[in-house]
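One letter stands for each residue in the lines below.
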Amino acid sequence: MFGIIWTSLIIITVIHHVFNLFSMGFCTDGLFLALSVFVILIGYFGLKQKIIFGSEYEQQAISIEGKIKYSGSTLKEDEAVKYIKQLNQYIQLEKPYLNPGLTLTQLASDLNISPHHLSQIINEHFNMNFFEYTNQFRVEEVKSRINNPKFESFSLLGIALDSGFNSKSAFNRIFKKYTNQTPSQYRSGSTKK
């Protein structure tokens with residue numbers, strides 16, 4: 001929309017210079033006004049970015065949004081309880097989160113649950129999305145391996161990749177989100193104990 005307005009004003013300015021139909025003040029004021037509005041809108045939408053400016057109220061919004069999102073779902077409460085138990089057992093025994101390519105569809109297929117129902121269970125029962133759900137287990141796996149003397153000779157990146165992370169940057173960012181420490185800070189703290 002800004003591009004259309006800006007282009008129109010440029011055309012008006014060119015017409016002014018060629019045919020002298022509009023005042024110069026109208027042309028320059030219009031261009032400056034359009035540019036000012038554009039800058040203000042960029043600032044406004046920049047501040048509304050959840051990734052940059054998140055808060056604890058987002059979890060509540062996600063929970064409410066999830067309930068509205070799944071209001072037409074066919075999942076019954078007793079089925080949900082059964083699926084939650086099945087999911088918890090599968091996660092503990094099989095550790096599918098160790099696969100860095102794990103998807104919601106693949107996990108749902110392994111559990112013989114529809115992907116929509118699995119997504120609903122994770123969103124409503126655990127108040128997180130699929131990636132947050134799997135990453136919490138990956139972080140716990142990394143922490144247990146860091147604290148295990150058997151993995152002392154492994155690098156942090158090696159442990160992360162074996163725990164299901166697929167990149168160093170994702171591992172560092174997610175680990176810090178869940179522990180408020182970098183992986184190296186966590187490792188040095190655990191070796192002092």
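Our structure is the block above this text.
Below is a short write-up of the structure.

## What to know about the overall build of the protein
No. 1: Broken down by element type, the protein carries ten helices and zero strands.
No. 2: Each helix (α) and strand (β) of the protein, taken in turn from the N terminus, gives the series α-α-α-α-α-α-α-α-α-α.
No. 3: For the protein, with 193 residues in total, the buried portion stands at 31%.
No. 4: A separation threshold of at least 6 residues defines the contact pool for the protein, and within that pool the share at least 24 residues apart is 57%.
No. 5: When the accessible surface of the protein is totalled, it reaches about 12,900 Å², and 61% of it is carbon and sulfur.

## Section: a nonpolar patch on the surface
No. 1: Residues Ile-10, Val-14, Val-18, Phe-19 and Leu-21 make up a contiguous nonpolar surface patch of about 510 Å² in total accessible area.
No. 2: Within the secondary structure layout, Val-18 lies in helix α1 (residues 2-19).

## Concerning the packing of aromatic side chains
No. 1: In this structure the tally under the stated criterion is eight aromatic pairs.
No. 2: Aromatic rings pair up to connect Tyr-97, Phe-126, Tyr-133 and Phe-137 into one cluster.

## Brief notes about helix α9 (residues 168-179)
No. 1: Between its first and last C-alpha atoms α9 spans 16 Å; for twelve residues at 1.5 Å apiece the expected length is 16 Å, and the two agree.
No. 2: Residues of α9 that are buried: Ala-170, Phe-171, Ile-174, Phe-175 and Thr-179. The buried side chains of α9 occupy one side of the element, clustering within an arc of 130 degrees when seen end-on. More than 90 degrees from the buried face of α9, the exposed residues found are Ser-169, Arg-173 and Lys-177.
No. 3: Asn-180 sits one or two residues past α9 and shows a positive phi near 60 degrees.

## Regarding the nonpolar core
For soluble globular proteins, nonpolar side chains are generally found buried alongside one another.
No. 1: Grouped together as the largest cluster of nonpolar side chains are 18 residues, with contacts concentrated most on Leu-87, Leu-107, Leu-111, Leu-118, Ile-122 and Tyr-133.
No. 2: Sorting the residues of this core by element identifies α4 (77-94), α5 (104-111), α6 (115-126) and α7 (130-146) as the ones contributing at least two each.
No. 3: Sorting elements by how many residues they give to this core places α4 first, with five residues.
No. 4: Once residues lying within four places of it in the same chain are set aside, the contact partners of Ile-122 are Leu-87, Leu-104, Asn-127, Met-128, Asn-129, Phe-130 and Tyr-133.
No. 5: Core analysis: the next-biggest nonpolar cluster, separate from the first, contains 13 residues, Val-142, Leu-156, Ile-159 and Ile-174 among them.

## Concerning the environment of Ala-80
No. 1: Within the secondary structure, Ala-80 is located in helix α4.
No. 2: For the pair Ala-80 and Leu-118, spaced 38 residues apart in sequence, the C-alpha separation works out to 8.9 Å.
No. 3: Beyond its immediate stretch of four places on either side in the chain, Ala-80 contacts Leu-75 and Ile-121.

## What about the pattern of salt bridges?
No. 1: Considering all chains together, one arrives at four salt bridges under this definition.
No. 2: Here Glu-141 ties to Lys-95 by a salt bridge, and the two come within 3.5 Å at their closest N and O atoms. Taken together, the positions of Glu-141 in helix α7 and Lys-95 in the loop between α4 and α5 put the pair 46 residues apart, joining distant regions of the chain.
No. 3: Since its relative accessible area comes to 9%, Glu-141 is described here as buried.

## What about the environment of Leu-75?
No. 1: Mapping Leu-75 onto the fold places it in the loop between α3 (57-69) and α4.
No. 2: Separated by 41 residues in sequence, Leu-75 and His-116 place their C-alpha atoms 9.4 Å apart.
No. 3: The residues contacting Leu-75, other than those within four sequence positions of it, are Ala-80, Tyr-83, His-117, Gln-120 and Ile-121.

## Some details on the packing of α4 against α6
No. 1: Interaxial distance between α4 and α6 falls to 10 Å at its minimum, and their mutual angle equals 90 degrees. Taken as axis vectors, α4 and α6 run roughly perpendicular relative to one another. Touching Ala-80, Tyr-83, Ile-84, Leu-87 and Asn-88 of α4 are His-117, Leu-118, Ile-121, Ile-122, His-125 and Phe-126, all from α6.
No. 2: Partitioned by chemical class, the residues of the contact of α4 with α6 number eight nonpolar, three polar and no charged.

Reading the values: rules and limits
Residues numbered from 1 in each chain as written. Predicted model: local features only at pLDDT ≥ 70, side-chain atom pairs only at ≥ 80, totals over all residues. Heavy atoms only, no water. Helix = DSSP H or I, 4+ residues; strand = E, 2+ residues; numbered from the N terminus. Buried < 20%, exposed > 50% of the residue type's maximum accessible area, 1.4 Å probe, protein only. Contact = heavy atoms within 4.5 Å. Areas by Shrake-Rupley, 256 points an atom, 1.4 Å probe, with all protein chains shown as cover. Patch = residues over 30% accessible without salt bridge, like charges linked within 9 Å, V, L, I, M, F, W, Y side chains within 5 Å. Salt bridge = Lys/Arg side-chain N within 4 Å of Asp/Glu carboxyl O. Phe/Tyr/Trp six-rings, centres within 6.5 Å; stacked < 30°, edge-to-face > 60°. Expected span 1.5 Å × (residues − 1). Arc of directions from axis to C-beta. Core = buried A, V, L, I, M, F, W, Y, C linked by side-chain atoms within 4.5 Å. Axes fitted to C-alpha atoms, helices over the stretch in contact; angles between N-to-C directions. Parallel < 35°, antiparallel > 145°, perpendicular 65-115°, else oblique. Nonpolar A, V, L, I, M, F, W, Y, C, P; charged D, E, K, R; others polar.

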